[in-house]
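For reference, the chains in residue letters:
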Amino acid sequence: MRIVIAPDSFKGSASAVQVAEAIATGWLEARPDDEVIELPMADGGEGTLDAFELAVPGAKRMPLEVTGPDGRAVQASWMLLPATDELPGGTGVVELAETSGLPLLDRLDPLGAHTLGFGQAIADALDHGVSRLLLGIGGSASTDGGTGALIALGARLQNAQGEPVAFGGGALTDIASVDLADLRPLPPAGALVLSDVTNPLLGPSGAAHIFGEQKGADARQRDELDAALAAWARLVQQVADADPATPGAGAAGGTGFGLLAWGAQLVSGATTIADAVALDAALSHADLVITGEGRYDAQTDSGKAPAVVAARADAVGVPLALVAGAITAPAAGASAAISLTDLAGTSAAAIADPITWLAVAGRQLAAQIASH
């Protein structure tokens, strides 16, 4: 049999590469003669670079030092995908989580954290001469509306005294003027922003109110940040074609909106990555595809990686199996579904040793197939 293993990461527990490897190990212990193809997925957040590195022959990591979300230096990298006839400079893949992500903070800083490092990595890819950019914006530490990234790309944001404003969402209300005249131009084939978030910038379902708490913002600070983002949006709309109501504008603390102001296009991260790693080609002769994520719930069907894999598999008639840390919604369309929480007995036990339980899940799935 030919088995494709295409999971997302189990966030905070195991990367998509580790998940795919562990399931594959378990499967091959039970069915060593099968062909297993590991195709880790991502949606623009943590693990995006890893997915491209494993799936795209010739992908090359480009290391650099950037300013992290709290101002300290961070050793990061972006991914250069090989040149093609249509993209002679290749494609640069930049992951915000790697440069400005939440795990890079020693302590949460909801008002001061920023995206300057993300913009520095984008600028480095532009300096290299890439023809296209893919920008993954999951896992951010900040709610700065993308201001840090834009400053790194040449934007001038000044206060009423004509001085540069400080970084972070807490300083957005100090901005009196926005000058985007010196912004770096987009690469020839443009920039696609990869995200699984469809939230607008503002309001009850916006960046501050939905995602601010996980970045350390209390209720008062979330109100302040929402008002600050609204003030930022009003200024940007005077000089750029960027609508704060655009689905995804609220992604990564409003970085989606900031990138819209640059001229980038917001797209489904999981769909774009599935195309880039040639998921359809892998499925074309597959007998089974296994997907999964840390928590399979009602939000999964809103464009997350397992839902995209399931739709692609269904389109070509390939049976689907699901492995997840926890399953709290019906796994529609799956011929088998395994929860690591059920295998381990508790969620804490599953989180403590995910690799072991993922391998157990792989063995169980292979045994189920063999029994049919």
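These numbers come from a predicted model, not from an experiment.

Q: Looking at this structure, I do not really get the overall build of the protein. What am I missing?
A: Within the protein, the secondary structure is distributed over 14 helices and 13 strands. Taking 2.2 N^0.38 as the reference for a compact globule, 372 residues should give roughly 21 Å; the C-alpha atoms of the protein span a radius of gyration of 21 Å, in line with that estimate. Once the C-alpha set of the protein is aligned to its principal axes, its extents read approximately 75 × 50 × 35 Å. Side-chain charges of the protein comprise 18 positive and 43 negative groups, with the mean position of each set lying 2 Å from the other.

Q: Can you help me understand the sheet that holds strand β10 (residues 265-268) in this one?
A: Pairing between the strands of a sheet comes from backbone hydrogen bonds, and it takes one of two forms, parallel or antiparallel. Pairing is mixed in the open sheet, where six strands are placed in the order β3-β4-β5-β6-β9-β10. Taken across any chain shown, the strands that pair with only one partner, and hence form the sheet edges, are β3 (60-67) and β10. The sheet shows a mean angle of 30° between the axes of neighbouring strands, taken without regard to direction. Sheet topology note: the strand β9 (residues 191-195)/β10 ladder contains four bridges and is parallel. The partner of V193 across the bridge, within β10, is L266. The strands touched by helix α4 (residues 116-128) are β3, β4 (73-81), β5 (91-95) and β6 (132-136); relative to β3, the strand with the most contacts, the crossing angle is about 135°.

Q: Explain the nonpolar core to me, please; I cannot follow it from the model alone.
A: It is characteristic of soluble globular proteins that their nonpolar side chains tend to be buried jointly. I122, L133, L135, W232 and W262 are the most contacted members of the largest nonpolar core, which totals 56 residues. Ignoring sequence-local partners within four residues, the contact set of W232 consists of G145, T147, L150, L157, L172, I175, V178 and F257. Residues L49, A282, V289 and A305 belong to the second largest nonpolar core, which totals 32 residues.

Q: Quick question: what am I supposed to make of the pattern of salt bridges here?
A: Two side chains with opposite charge may pair up if their charged atoms get near one another. If you walk through the whole model with that rule in mind, you get 14 salt bridges. The residue E98 makes a salt bridge to R61 at a minimum N-O spacing of 3.9 Å. With E98 in helix α3 (residues 96-100) and R61 in strand β3, the pair connects residues that are 37 residues apart, well separated along the chain. Given a relative accessible area of 27%, R61 falls into the partly exposed group.

Q: Explain the packing of α4 against helix α8 (residues 251-262) here, please?
A: When two helices pack together, their arrangement is captured by the angle between the axes and the distance separating the axes. Viewed as axis vectors pointing N to C, α4 and α8 meet at an angle of 35°, and their least axial separation amounts to 13 Å. As α4 packs across α8, the resulting crossing turns out to be right-handed. On α8, the residues that touch F118, I122 and L126 of α4 are T255, L259 and W262. A breakdown of the residues in the contact of α4 with α8 according to their chemical character gives five nonpolar, one polar and no charged.

Scoring rules and cut-offs
- Residues numbered from 1 in each chain as written.
- Predicted model: local features only at pLDDT ≥ 70, side-chain atom pairs only at ≥ 80, totals over all residues.
- Heavy atoms only, no water.
- Helix = DSSP H or I, 4+ residues; strand = E, 2+ residues; numbered from the N terminus.
- Rg over C-alpha atoms; globule rule 2.2 N^0.38 Å.
- Lys, Arg positive; Asp, Glu negative; His and termini not counted.
- Charge placed at Lys NZ, Arg CZ, Asp CG, Glu CD.
- Pairing = 2+ DSSP bridges.
- Axes fitted to C-alpha atoms, helices over the stretch in contact; angles between N-to-C directions.
- Contact = heavy atoms within 4.5 Å.
- Core = buried A, V, L, I, M, F, W, Y, C linked by side-chain atoms within 4.5 Å.
- Buried < 20%, exposed > 50% of the residue type's maximum accessible area, 1.4 Å probe, protein only.
- Salt bridge = Lys/Arg side-chain N within 4 Å of Asp/Glu carboxyl O.
- Left-handed = near helix turned anticlockwise from the far one by under 90°.
- Nonpolar A, V, L, I, M, F, W, Y, C, P; charged D, E, K, R; others polar.

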